[in-house]
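# Inside the fold
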Amino acid sequence: MAEPFQKFGRWYLKVKGLDGVWRHVATSTKTKAEAKVLQREVAQKIDRQRLGLDPIAVSDMTVGDLLIWWLETYSKGTPSHKRNESAVKRHLLAADLAKMQVHLLTKGDIETLLQSKKQELSPKSLNNLRGFLQSAFSAADEAGRYNGPNPVTKVKRRKVPERAPMFLEAWEADRLLQLHPLKDIWRRLFATALFTGLRKGELLGLKKTDVHRERRQIVVARSYGHGTTKSKKERIIPIADALVRYLEAAIDASPSEYVFPGPDGEMMAEDTKVEVILRRALGRAGVVTGYRHSCRRCKAAGVADSAQLATDATPRRCSRCGMHMWCKPIPRHLRFHDLRHTIATLILAHGGTLWEVQKILGHSDPNVTAKVYAHLVPGFLETAVNRLPIGKRATPRTAPGANAAQRFGQPVVSNEVEAPKGKGPAPRNYSEGTGPLVWLRGQDLNLRPSGYEGDFTQPADGRRPSCFQSSRVVSRSAESTEVHAGIRKSPPVWTRSGQSFGEPLRPGDLRLGRATVIVLVSRWRQPEQLPGSSPRPS
């Protein structure tokens, strides 16, 4: 049986429903022992229902009744209640699914509904509809109104395309705030949104008591008329120096307790079209993507192509009737929420950190901030793309033997041959590219002293010389093979025959951390040449 687990200070059960799907069920237990007892009882109850010993939960409540109950009980009072209510009534309560009993609803019914809305709604809106149903079933289970399986858990979420946030450049924001025809209340509202990153509901619900002029701070405690924000947390935002004059003017001009009141002095309505006002102001400020020149005379006559798109606002005449064309700017398609993206972008572009942006915007999860704004940090992934060798001057690669000294230290062995003149070409360098391999000929490779040989001679100081040092051939002639030790002399090497080579062992040569290199000097004979055969290379 699965074990209960704790998450964010709350114990959860892992149970397998009648439909065979594992679910995590939140409980009100205080200890793991209580959670284990509850998990055992729930599992036994489901097993009895699966075996037919207990009746399966049957409810006369329809899906529409469940959604209405959830709206009135859980959604009401939240900042997003009006949007939730509008979406549920339009897309869920008006569907045939709302007339079904909750215990008869299957994942196929939900999937069919979402597929029918595919052309009408975006993937994010479809996920919202799925979330409304899932929240309603979960709330009914917690309240004891319905304890049957939740069919929404088997419905997959739609993949929402991730797009980079849109924002205003610094010069565009300056143009917006310096626009002359803009009313003072909208100029102050847009300035506060640009300097603080407040959401629309937090701005419209901002009261004079939330602004502390002496401490230069704003306490964000509500959204619209609700007593909490979207993140359910209060936060404190400092007032920028450039924002002081806009806020003081707004507070002094307001006749009510709100900083940005409506025409009647009360809080602005939630459906105030601030985006329409923002885009109109952007068009007048020249923050546009182009201009639309249209002929009113041709349009009234029913001519289809009576308008022209251009990148400038230069006056022009209609090519058909010669009348002056009406020029209308096409502003950038920005939402009011994009002013919130603007402050985050400009802070990061001028040396700010993601932690500072998170605190100002009020994100409860730092991963949300990093996911949306990480690509705006200066130098983001710049080091990675600069590693590409494309477009750089190509340097010829040297042989591994040439740069082996940089990788393995001072070269101590080589395979170069100095052949006498007239004796044929020098042999190939077989050690090239082999790294620190040892190429020794004519020498017993088992250099470790053996204890069973009687003629073994122990060093005078009683210590055992090291016999496992890496080396490479430096030079070899027909007479001898020399192994150079670089700067320092190396300790002697003892063979099975007791023969010793090199300088006497000095104290300290074998101390830990000091490298020693073997010195070998040996002689070998040139193989005898057969009559009539060509000389063999060394």
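Residues numbered from 1 in each chain as written. Predicted model: local features only at pLDDT ≥ 70, side-chain atom pairs only at ≥ 80, totals over all residues. Heavy atoms only, no water.

## Overview of the overall build of the protein
- The helix and strand tally for the protein stands at 16 helices and 15 strands.
- Looking at the protein as a whole, 37% of its 538 residues are labelled buried.
- Pairs at least 24 apart in sequence give 61% of the contacts found in the protein among residues at least 6 apart.
- Carbon and sulfur atoms form 53% of the exposed surface of the protein, whose accessible area is close to 33600 Å². (Helix = DSSP H or I, 4+ residues; strand = E, 2+ residues; numbered from the N terminus. Buried < 20%, exposed > 50% of the residue type's maximum accessible area, 1.4 Å probe, protein only. Contact = heavy atoms within 4.5 Å. Areas by Shrake-Rupley, 256 points an atom, 1.4 Å probe, with all protein chains shown as cover.)

## So, the nonpolar core
- Counting residues in each nonpolar core, the largest one holds 40 residues, and the members touching the most others are F190, V259 and L339.
- Looking at this core, the elements that each hand over two or more residues are α6 (170-177), α7 (184-196), α8 (200-204), β5 (217-220), α9 (244-253) and α10 (274-285).
- Sorting elements by how many residues they give to this core places α7 first, with six residues.
- Those residues in contact with V259 that sit more than four places away from it in its chain are L206, K207, K208, V211, L247, A250, I251 and S254.
- Ranked by size, the runner-up nonpolar core spans 29 residues in total, among them M61, L67, V88 and L133. (Core = buried A, V, L, I, M, F, W, Y, C linked by side-chain atoms within 4.5 Å.)

## Brief notes about a nonpolar patch on the surface
- A cluster of nonpolar side chains, V385, L388 and I390, forms an exposed patch at the surface whose accessible area comes to about 320 Å².
- Residue placement: I390 occurs in the loop between α15 (382-386) and α16 (404-408). (Patch = residues over 30% accessible without salt bridge, like charges linked within 9 Å, V, L, I, M, F, W, Y side chains within 5 Å. Salt bridge = Lys/Arg side-chain N within 4 Å of Asp/Glu carboxyl O.)

## Some points on the confidence of the model for the protein
- Mean pLDDT over the protein works out to 77, with 71% of the residues at or above the 70 mark.
- Within the model, the stretch residues 430-445 combines pLDDT values under 50 with 28 contacts to residues more than four positions away or in other chains.
- This stretch, residues 499-503, has a pLDDT under 50; its non-local contacts, to residues over four places away or in other chains, come to 14 contacts. (pLDDT = per-residue confidence, 0-100.)

## Digging into the side chain of Q358
- Along the chain, Q358 turns up in helix α13 (residues 354-361).
- A relative accessible area of 10% places Q358 in the buried class.
- Non-local contacts of Q358, meaning those with residues more than four positions away in its chain, are made with H363, S364, D365, P366 and T369.

## Considerations on the sheet that holds strand β6 (residues 235-238)
- In spatial order, the strands read β4-β5-β6; together these three strands make up an open sheet with antiparallel pairing. Each edge of the open sheet carries a strand with a single partner, namely β4 (211-212) and β6. (Pairing = 2+ DSSP bridges.)

## Considerations on the packing of aromatic side chains
- Counted under the stated rule, the structure contains five aromatic pairs.
- On the basis of an interplanar angle of 50° and a centroid distance of 6.3 Å, the ring pair of F190 and F336 is categorised as tilted. Highlighted residues: F190 in helix α7 and F336 in the loop between β9 (326-331) and α12 (338-349), separated in sequence by 146 residues.
- The class of F190 is buried, set by a relative accessible area of 0%.
- Given the relative accessible area of 6%, F336 is considered buried. (Phe/Tyr/Trp six-rings, centres within 6.5 Å; stacked < 30°, edge-to-face > 60°.)

## A closer look at the state of the cysteines
- Within the structure shown, the criterion is met by zero disulfides.
- Here C318 stays unpaired: no disulfide links it, and the sulfur of C298, its closest cysteine neighbor, is 3.6 Å away.
- Exposure remark for C318: the relative accessible area of 8% places this residue in the buried category. (Disulfide = S-S within 2.5 Å.)

## So, the sheet that holds strand β1 (residues 5-7)
- Reading across from one edge, β1-β2-β3 is the order of the three strands in this open sheet, with antiparallel pairing throughout. Lying at the two open borders of the sheet, with one neighbouring strand each, are β1 and β3 (22-26). Here the strands of the sheet are splayed against their neighbours by 40° on average, with no regard to which way each runs.
- Relative to β3, strand β2 (residues 10-16) runs antiparallel, the two sharing five bridges. The residue of β3 that forms the bridge with K16 is W22. (Axes fitted to C-alpha atoms, helices over the stretch in contact; angles between N-to-C directions.)

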